[in-house]
Amino acid sequence: MSQVNVIIFDFWGRGIEKMREFVACLIARLAVWVLHLCGRRGTAFPGRIAEMLHSNYLIDLLNQIPLGVLLVSGTNGKTTTSHLLAEIIGRSGIEVIHNASGSNLTRGILSSVLPHCDWRGKLVVDSGAIGVFEIDEAALGQLLPAMTPRALILTNLFRDQLDRYGELDSIARLWRSLLMQTEGATRLIFNADDPSLAFVATGYSGEKIPFGVTSHNLNAAEPDQWSDSSLCPRCSNPLQYSYCSYSHLGDFVCRGCGFAHPESSCIGAVKEIQGLTSSRFSMTFGPESIEVNLPLPGLFNIYNGVAASCAAYVSGLGIQPQRIMDVLSKTSSVFGRGEAFHIDGKVMTLLLIKNPTGANEVIRGLAGLETPTDVMVLLNDGVADGQDVSWVWDVEFSMLNLRSITVSGSRCADMALRLKYAECNADDLSYVHKDVRNALENALCRAREHLYVLATYTAMLEFRQELVSMGIAREYRK
Amino acid sequence: MQLSVGHLFPDLMNIYADRGNVECLIRRSEWRGIQVAIHQINNEADLDGLHVDLLIVGGGQDRQQLEASNALQGAVGNFVRHACENGVVMLAVCGGFQLMGMRYVDADGLEISGLGIFDMETIHPGRQSRRAVGNIVVELEKGKLVGYENHGGQTYLGASVDPLGKVLVGSGNNFVDNTEGAKLEVAYGTYLHGSLLPKNPHFADHLINLACQRYEPGFELSELDDELEWCAHHEALKISGCTD
Ligand SMILES: [Zn+2]
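Conventions adopted
Residues numbered from 1 in each chain as written. Chains lettered and ligands numbered in written order. Predicted model: local features only at pLDDT ≥ 70, side-chain atom pairs only at ≥ 80, totals over all residues. Heavy atoms only, no water. Buried < 20%, exposed > 50% of the residue type's maximum accessible area, 1.4 Å probe, protein only. Helix = DSSP H or I, 4+ residues; strand = E, 2+ residues; numbered from the N terminus. Contact = heavy atoms within 4.5 Å. Expected span 1.5 Å × (residues − 1). Donors = N, O, S within 2.8 Å, 3.2 Å for Na, K, Ca; no water. Tetrahedral: all angles 85-135°; square planar, octahedral: opposite > 155°, others 65-115°. Domains from an automatic or database assignment. Buried area = accessible area lost by both parts, 1.4 Å probe. Salt bridge = Lys/Arg side-chain N within 4 Å of Asp/Glu carboxyl O. Polar contact = N/O pair within 3.5 Å; in protein donor to acceptor, adjacent residues only side chain to side chain. Pairing = 2+ DSSP bridges.

### Describing helix H2 (residues 62-72) of chain B
Okay, step 1: The element H2(B) is largely enclosed, with a buried count of eight among its 11 residues.
Okay, step 2: Every buried residue belonging to H2(B) is among B:Asp62, B:Arg63, B:Gln64, B:Gln65, B:Ala68, B:Ser69, B:Ala71 and B:Leu72, and all of these are buried.
Okay, step 3: Lining the buried residues of H2(B) we find helix H8 (168-181) of chain A together with helix H3 (75-85), helix H4 (95-99), strand S5 (103-105) and strand S6 (111-113) of chain B.

### Looking at helix H1 (residues 19-30) of chain B
Residue and element names in this part refer to chain B.
Okay, step 1: If you check H1, its first and last C-alpha atoms are 16 Å apart, about what 12 residues at 1.5 Å a residue would give, namely 16 Å.
Okay, step 2: Of all 12 residues that make up H1, 11 are buried, and the element is covered over most of its length.
Okay, step 3: Taken residue by residue, H1 has Arg19, Gly20, Asn21, Val22, Glu23, Cys24, Leu25, Ile26, Arg27, Arg28 and Ser29 as its buried positions.

### Regarding the coordination of the zinc ion
Residue and element names in this part refer to chain A.
Okay, step 1: The zinc ion binds to the protein through Cys232 (SG), Cys235 (SG), Cys254 (SG) and Cys257 (SG), with metal-donor distances spanning 2.3 Å.
Okay, step 2: Viewed at the metal, the four donor atoms of the zinc ion are separated by angles of 99 to 115°, and the geometry they form is tetrahedral.
Okay, step 3: Taken in chain order, the donor set of the zinc ion reads C-x2-C-x18-C-x2-C. You can see Cys232 sitting in the loop between strand S6 (208-214) and strand S7 (239-246) and its partner Cys254 sitting in strand S8 (residues 249-254), a full 22 residues away along the chain. An identical accessibility class is assigned to Cys232 and Cys254; each is buried.

### A look at the domain arrangement of chain A
All names here are of chain A.
Okay, step 1: Annotation of chain A at the domain level lists domain 1 (3-51), domain 2 (61-329) and domain 3 (339-469).
Okay, step 2: Across the boundary between the two partners, domain 1 contributes 15 residues, which contact 15 residues of domain 2.
Okay, step 3: Both faces considered, domain 1 and domain 2 share a buried interface measuring about 1,200 Å² in area, 60% of it formed by carbon and sulfur atoms.
Okay, step 4: When the buried surface of domain 1 facing domain 2 is broken down by residue, Cys25, Arg29 and Glu51 rank first, second and third, together holding 34% of it.
Okay, step 5: Joining domain 1 to domain 2, the criterion identifies zero salt bridges.
Okay, step 6: Inspection of the region where domain 1 meets domain 2 yields zero residue pairs in polar contact (both at pLDDT 80 or more).
Okay, step 7: Where the side of domain 1 that touches domain 2 is concerned, the elements lending two or more residues are helix H1 (3-37) and helix H2 (45-53).

### What to know about the side chain of B:Ser195
Okay, step 1: Mapped onto the elements, B:Ser195 comes out in the loop between strand S14 (187-190) and helix H5 (196-199).
Okay, step 2: Contact partners of B:Ser195, with chain neighbours within four places excluded, come to A:Ser390, A:Trp393, B:Ala17, B:Gly20 and B:Asn21.

### Points about the sheet that holds strand S8 (residues 132-139) of chain B
Okay, step 1: Taking strand neighbours across the sheet as the criterion, the four strands line up as S9-S8-S11-S12 (chain B) in an open arrangement whose pairing is antiparallel. Strand pairing shows two members of the sheet lacking a second neighbour, strand S9 (144-151) and strand S12 (179-180) of chain B, which therefore form its edges.

### Examining the pairing of strand S10 (residues 278-285) of chain A
Residues and elements named next belong to chain A.
Okay, step 1: Burial runs high along S10: six of the eight residues are buried.
Okay, step 2: Here eight bridges tie strand S9 (residues 266-274) to S10, and the two strands are oriented antiparallel to one another. In the sheet register, Ala269 faces S10, and the bridge partner there is Ser282.
Okay, step 3: The hairpin turn running from S9 into S10, its antiparallel successor, is three residues long, and Gly275 in that turn takes a positive phi close to 45°.
Okay, step 4: Bridge analysis of S10 against strand S11 (residues 288-294) gives seven bridges, and the strand direction is antiparallel. Residue pairing across strands places Thr284 opposite Ser289, the latter belonging to S11.
Okay, step 5: From the end of S10 to the start of S11, which pair antiparallel, there are two residues, and Gly286 there has a positive phi angle of about 50°.

Right under this line is the structure:
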């Protein structure tokens, strides 16, 4: 091919590329606008359209973000961690592009970037803008080989929707191989208390920043026998724990091969956990130390707070610990994750439960309350919930001290059965309703002051939408 | 009456909510005034003189399954084999079921030897191959079983063992012959978790009854109020597009 031909071909090729970008963006933006008119936001639909028309469009856009991208992945805590991180950075005067709705497949991320594009499909942001995105554990494989994030934050790995993700080990294997293939220009910020993640990190040659939480006075020395990874990820001998914060998170060592908890560079020390409302902890970043009053429920949110703080501090954005402390102390719950509503003079707290570990932590919080609780559980078996509902048998509902219980969702019969065998106030189990509005009215009627609603992902979305149509909740927008 | 239940490798083989099956055996016995003692059976357990009426083993991840299979080569394996020879009732689910066959070839082609209770072998065709995942309905001689299956391994039964039932919806042992599980006298193997026993109270009671018969031939289980159990059973049938 002659020189001239190459130039023409290249020009033609780029022309087509530009045209596709333009069309993809135009149609997707039209979809954003139509959905907006219909009062629906935060869906992945526009992103899906743009992705269909131009498969590399997301990577193109992400690479245009001036300060790069921070990715958050892991089984639990992605949404809260990325929310806290976006908030810390945003309050420091930096423009943040963020998938706040928790839509975390590539099309969801694309949907959140599209509003920052002009009509030609080019990104229009501050010269100092940064991206903060949560990404599904399995979808990480679509981004990592094609781009170099500024940092990757890994929160934890628990058994989760085995029908969708497969075994825990297979996600760890995928991540390890992804990281081994990268050039090492990304900062890897990971939960050092998680043996699987500590092992994933051993395969990475770039900069690594382990974080952890100490809570010596709060919990058992050993993970219980049902926890996920009691075996050494390197040699399969049983791991020994000097303490365990929850599930398999803690200070571990393998007597077989010596594989052990890496030394954390950012440590949160738990001072107090106040039921399902807030907690107090201190955090050290090298020489500096801060005290945080976090208005979010449970130990798992301390991990999220520490992960976000650590990422904000080490990301080279000049964010001071004092700023981190201020933002964390004033934050509020994210979409469906401890969100509180007021209705008929009562308070209702919506708590997402997705897998045994997360659900058990919520149950532990509820069990720690002084008075018997009024609880509603919504169990769905949509693709996003996991179609296999057997995981509810790994949740210790028997720990609940109940006043009333109401059950709904597409698999309410399975849920009711689970509660029967947990021997939770068996006579109250007649309150099983397929219809969620019905269930809510019934549960509210019976609740004394505070109703706790535990819902799987799609059930949480449906329930929240129901609250919006009842005028109790507002449409989530960010 | 007191039943003694041996729970095999509760620390390794517990991935698909297998504790639900154990909890179900305990509750359904206790609700009838039958006491249940659970004994953990693994390398650390003192098996000398331990008597069990029923053995139960669940599913595990590949790595855990390999550990369990190593343990089965020693004292634990002898204990289980001896129990089966003496007519102890057994329920083996998913990975635990695979371990009760002659051999299991895992996703990396590694051959793991099984305990050989059931004349069968399981081959995992590799990580890239299709898994059997989804809701499953199985027809028994009397009634149906509902549950969820999720396995990479394909199991083929030999001549000296019967399938537990016939697959109506789902995959079962393999993608070829419509068989599900295995049955040899009072030993049962199945791919159904989800959780099997609570949603199939007839099958749970069948196992409890068999265990009780070891004490008191002719013993009759009293009736329980199983409205919620059958409700969940029928919902599961409906989800799979089956009627009763
Ligand atoms: Zn080791």
